[in-house]
Structure formats: structure tokens, C-alpha cells
Amino acid sequence: MSQTTHNTKRFDTLLVANRGEIACRVMRTARAVGLRTVAVYSDADANARHVREADEAIRLGPAAARESYLKVEAVVEAARRSGAGAIHPGYGFLSENGAFVEALDQAGIVFVGPPASAIAAMGDKSAAKSRMANAGVPLVPGYHGDDQDDALLKAEADKIGYPVLLKASAGGGGKGMRVVEAAAGFQAALDGCRRESQAAFGDQRMLIEKYLTQPRHVEVQVFCDSHGNGVYLFERDCSVQRRHQKVLEEAPAPGMSEGLRREMGEAAVRAAKEIGYVGAGTVEFLLDIDGSFFFMEMNTRLQVEHPVTEMITGQDLVEWQLRVAMGERLPLAQDELTITGHSFEARLYAEDPEQDFLPATGTLTRFAMDLEGAGLDPARVRLDSGVETGDAVSMHYDPMLAKLIVHGDDRAQALATLNRALAALDVQGVVTNRAFLQRLATHPAFKACELDTRFIEKHEETLFAPRRYSIEEYAGAALVGLNQLARECESDSPWDRHDGFRVNAPHTIRIALCDPAHAQDDDDSEAVVVVEGTREDNAGPWHLTIGGETLTARLDPLAGDAVAMTLDGHRRRLQARRDGNVVVMVDPRGETRLFWRRIDAIDHGHHEAESTLTAPMHGTVVALLVEAGARVEKGMPLMVMEAMKMEHTMSAPADGHVASFHFQAGDTVGQGDVLLEFAPDE
Ligand code: ADP
């Protein structure tokens, strides 16, 4: 790092007091600027990616955050033991904890972040609003005074005009917050909010704001050094939220005029300077439909969504943080900062959108992104991840696994890249919101920039609608399933199967498919795909009939899980796999999951005068129901085979006896393999 006049804060070792993607991301830059890196970990993270990537790692304590990542003394002690001169807190955990910063000051360890006094100034919403008003930062019309008399608060609410929003002064994380639609509901809401706030924060003070009905969440990235310089690195739009949690973020905010951008940016820098801020900070504003904007709060740390700002400015914000922490001046002045192109970030969570976003756990059997295969430019796509294939996802911490960040020349190009990259993201073993992110990113209203903080709520019907499938999706699910069966059979040992010879008997297979969410329902919402074909190889050609339409189809395997499906000459590339009875197909249009509910095989029987029975599909022999040589009557079950976890029974084609079986229980069989020799009565 370059020469500086303030050498007192120099450090050569950085401890990162965090985990997951942000710990990995901070250490990446730390290494790049030549620092030694120290990770800390809880027992649940002893072998986590951030620990593996650090030069050194120190155990903090048991899995619970309270006993590890949130434990001030343990983190300070880890810095002492490792000789770290500075601590980067990441976001969450201790990042906005004033007592932690004071403890570091006393221990002579540099905190990569603002002074404790700046954290305290923004910690209380009412006090922060008073200071912001002093600094000329616009506030939502409202009341944030000390007098908490019921009648006075009610009079203030009436003056502001309904709907109003009651907020706990000491609040955070959406707690102690309520919308009051009309004067009649005010007192009850006030009482409720006070109780909630008392329980959560041990404090009952309330503030009142005008409730904006269609605001956007637009925040400004600011940076200050310890020499009194401050700049803004433009804005991010984070309007797509679920329960006040950001899901998709972008920079710059669509539709911002240069004038408004400067106005908001300058207001944000004034806000930071008012409280003696140093380092990276974010000033959050609500932007109303008429273009007026209001201060909401300041986050005194690096944000989750900082990469979109890095993408459009070409700056490394963690490097800026480290320089500022060492006492250097800001690397660039305001007029040296420019916006290039557009960037999106999507947060990948281990959670199930179909089950009210219930956090999911498990082992990541696969976590990969094939950029090359998807034709993506590595310079335009960034995956900030805290996990790799083989890692466990536990319930101890935030379920965010990774962030996918993309860049494009303009918004449309960036959004197209986001969709393509989401499709190329291959996550298996743990349920994620990947498909939900794709539905958001392909939503017409999102494409059209119809953004406000209630976006997800407003479009619930289309974002969570019962799935309708196209003919192509049904065809794909049938072919992929059959192809998977074939591959699974063929990857088995060849010695198991040489006693069967194969007849290219024409078979008809009927596959009933439905939405996996309705797999157990006894409803009519299924489609039947009829597949016919004399297969040359597993690829086809096949003749499909779906709901009265017929198609000619091929399915050619490509590298890994990728396949090329050709329907009536229309070829498309997709990632496809089988997950139990569910076929999963992903392409840039989205993810399709279809459940195989039933398979029936129709044996046309016009082969070799009923003296053999052949396998109608690839599968496994489950049981032989009679002995070789046994006499049977027409229609009697002889043998059970299984495919896609569904059983299929082979019955006697006529009265007669079984001459011999070619397979035993447990053997895999290929489609067309002769299963048994049959001797019909004369
Ligand atoms: P917390 O600190 O609990 O997260 P915030 O004050 O940051 O609370 O507000 C959280 C979210 O609530 C915002 O992102 C915004 O979506 C919504 N919100 C806050 N204030 C208002 C308001 N005056 N009008 C409309 N929505 C608001």
C-alpha cells in the first residue's frame, strides 16, 4: 500500500470476525494487498470454507453465535493470539456493536469501520433523526420528539395524516413497527408497539412517520477517511424485499436523473460528516413516486449488496476500507468516480419458497456454476460464496449461501446475464430459492422497473402461482427421465447384464407427470406423455404424444448434466437431472420440476410369437414371482421390475410355462432386454 503520513495504524495481519461469503470476500482482498489473514470459527464451522481459505484460524467457541461470533472477549483474544493488528467485522454479528469497537480501541487493535461514537449516533432512530435534520437531510414528515404523552402522539399522528407508521426509537429488524390506517386504530397500535418494543429492546419510545404507500428503497454508498474527506459511490435500488429483507439489488437505481443522484449523494455525505463518520457506510432513503426522498437510517458497515457498487464503479470497497483504516486518504475524489453499465445482485438462500421460505439444511452434494458451458463472460459474473461442494449447511446461522453478481452494459443486458447465470448455477442437496430468484428476475414488472418495497407482495399471485407447464416441459421431463434410467443402467457393471440380449421391440410407454407440489394429491392435474420409438441409442428418435399433439424428439447428452433436447427440429440446451421421482430441468427461462407419478408400458406383443418377454423400459428387477419351469395362466404376474421408484409387473402373455429367466432380483435391465423365455401351450 502507498505512502502515508499516518503510519501509526499500519498493520500486516487482518482478523476477519465473521463467517460465510463475507469472510471469504474480505480475505480475498486482504490477501491481494499483502496482508496475512486470520479467520475465526465456531465448532460448527471448524472446516468451513472461510477457515480453509485463511492463513490461520482460531476457534471462538460452540456453534451458537452468542457463544462464538458474538463474543467480544473471545474475538479480542483471538486477535491477540494471532498477532492481528486489525479486525474487519464484515456485516451482522459485531459489525455495529459500539462496545466491541471500544474494546478494540482499548486493546490497541484497529477496527476496520467507523468510530464507536458514529455507531452510537445512528443506533437510536429518534436521536439520529434530530441530527439528520440539523445536517439538512430530508426526513419523512413525522414526529421524533422526547415527549411520549399518548394524547400528544395522537395529535401528531392526526397532523401528519393517515396512514402513519409507528416505529420503536430503539428498533431494528422490522420489530416494533406498525402501520396505522386511520385515527380510530391509533391507540391500540401504540399500545401494541410499546409492548413489542419493551420486550425486544427494553425501551418504549416511539416515533411516528408518514407511511409512504409506494416507496422505493434507494440507498447511497458513502465513504469517509480520517482526514475529513467524504464521497458517495452512487446508489443502489433494493426495493425487492421480503419481510424487509433484501432479495435482489441493483445499481444504479433505474430512472434516476443526474440531478436527483447528486442531491441524494450529497445529502448522504452530509449525513455521514454530521456524525464524524469514517469508512464505508450506507445511507438508506425512501424514494417516493414524486421523486422526493427521505432519510430512513444509516448502516455503519459494509453492506451485503456492496458488490453491485463495485461492479459499476470498478472499485474494490474492501480495499478502500483497509486503506482508510490504515489512515490513508480516500483513493479517489468525487469527480474521479463514474458509473459504467449496470449491475444486479441476487441472494441465494438455503430456504424453501414453496414452504413459506422455511430455512433448509443439508449437505451440498453439488455447488457449481459452469460459466463457459452457459456462454457467460467471467468478467461479467461474480459468485461470492461461503460454500463449496461437500459443505454442510447448518441451522445455526443466516441461511444465505452465496451472492450472484452480474454486470452488463445496460440494465436489460445485465438482467439477461443474471437469468443466464442463475440457470447455470447448479446447487444440489439443499433446497434453495434459486428458482424463485429466476421467477423474480424474469418477471415482466421487474423488467419494466415497476419497483417498490411491496413488489413481492403485489406480485404474489404470479410469483407463487400454481405452475402451468408447456408441452416442451412435459416432453423434456419424459425424455430426461427415460434417458436417466438408461444411463443409470448402463453405468452398472457390464458383467451383470451380458446374458440378456436385446430385441429392438417397439414399445409404448405412458408417463403420467404432475407438479411435485401436488405429487400426493389425487387430482386430475397431470399430463400423460406417450412415448413410442425403436431406439437406436438412448437419444431417440422418439415419437411423443401429449394432449393430442405429436412431436418427434431427440435427447443428446452433453457434458455433465447438460443435454440437448430437439423437438420437431427445435433444439434447446438444458441442465437436467433426476432427483428421486422428480425430473429437474433448468434453462435461462427458469427451472422446471416435474414429478413422475406413474409409468405404464404397453407391450404390443408382436414379437417372436410370445416366446419371450422384453423389458419395456430401463430399470431394475425387483422380484421373480414364479420359479423357472412353472406352469402359469395367461395374465398371471411373473416378474416385477422397477423404474423411477415405480413398480411395473410383467404378466404371462398366454397360458404356458416359463422356460427360463435371464435376470435375477437386483439386476439392472435395459429397454428391450429379453427378460424371460416363455413357452405357450400349443
Ligand atoms: P428496521 O430498522 O427495523 O429495519 P427501517 O426503518 O429500516 O426499520 O424500515 C424497514 C423497512 O420498512 C424499509 O426498508 C421500508 O421498506 C419500510 N418503511 C420504513 N419506513 C417507512 C415509511 N415511512 N413508509 C413506508 N415504508 C417504510
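- For the chain, the name recorded in an unreviewed UniProt entry is Acetyl/propionyl/methylcrotonyl-CoA carboxylase subunit alpha, with Halomonas rhizosphaerae as its organism.
- In UniProt, the chain has this text filed under Cofactor (unreviewed entry): "biotin".

## A look at the domain arrangement of the chain
And step 1. As far as domains go, the chain holds domain 1 (13-112), domain 2 (141-210), domain 3 (216-463), domain 4 (471-598) and domain 5 (612-680).
And step 2. The straight-line distance from the C-alpha centre of domain 1 to that of domain 3 is 23 Å.
And step 3. Taken together, the contact between domain 1 and domain 3 spans 31 residues of the former and 28 residues of the latter.
And step 4. Both faces considered, domain 1 and domain 3 share a buried interface measuring about 2,200 Å² in area, 57% of it formed by carbon and sulfur atoms.

## A look at the UniProt feature "domain: Biotin carboxylation" (unreviewed entry) in the chain
And step 1. Mapped onto this structure's residue numbering, the UniProt feature "domain: Biotin carboxylation" (unreviewed entry) falls at residues 10-461.
And step 2. Helix and strand shares over residues 10-461 are 33% and 27% respectively, and the end C-alpha atoms of the span are 55 Å apart.

## A look at the site of the ligand
And step 1. Within the structure, the ligand sits among 19 residues, and Lys 125, Lys 167, Gly 174, Glu 209 and Lys 210 are positioned closest to it.
And step 2. Here an oxygen atom of the ligand and a side-chain polar atom of Lys 125 are 2.6 Å apart.
And step 3. Here an oxygen atom of the ligand sits 3.0 Å away from a polar atom, N or O, in the side chain of Glu 297.
And step 4. Looking at the shell around the ligand, the elements with two or more residues in it are strand E7 (164-168), strand E9 (206-210) and strand E14 (293-299).

## Examining the pattern of salt bridges
It is possible for side chains bearing opposite charge to pair when their charged atoms get close.
And step 1. Taken as a whole and judged by the stated rule, the model has 52 salt bridges.
And step 2. Glu 77 is the partner of Arg 80 in a salt bridge, and the nearest nitrogen-oxygen pair spans 3.6 Å. Linking Arg 80 with Glu 77, this pair stays in helix H3 (residues 72-82), spanning 3 residues, or about one helical turn.
And step 3. A salt bridge links Glu 297 to Lys 125; its shortest N-O distance comes to 3.9 Å. Residue Glu 297 is located in strand E14, and its partner Lys 125 is located in helix H6 (residues 125-134); the two are separated by 172 residues in the primary sequence.
And step 4. Its relative accessible area of 29% is what places Glu 297 among the partly exposed residues.
And step 5. Connected through shared salt-bridge partners, Glu 219, Arg 236, Lys 246, Glu 249, Glu 284, Glu 305, Glu 345 and Arg 347 make up one network.

What counts as what
- Residues numbered from 1 in each chain as written.
- Predicted model: local features only at pLDDT ≥ 70, side-chain atom pairs only at ≥ 80, totals over all residues.
- Heavy atoms only, no water.
- UniProt positions renumbered as here; feature names shortened; annotations may be inferred.
- Domains from an automatic or database assignment.
- Contact = heavy atoms within 4.5 Å.
- Buried area = accessible area lost by both parts, 1.4 Å probe.
- Helix = DSSP H or I, 4+ residues; strand = E, 2+ residues; numbered from the N terminus.
- Near = heavy atom within 4 Å.
- Polar contact = N/O pair within 3.5 Å; in protein donor to acceptor, adjacent residues only side chain to side chain.
- Salt bridge = Lys/Arg side-chain N within 4 Å of Asp/Glu carboxyl O.
- Buried < 20%, exposed > 50% of the residue type's maximum accessible area, 1.4 Å probe, protein only.

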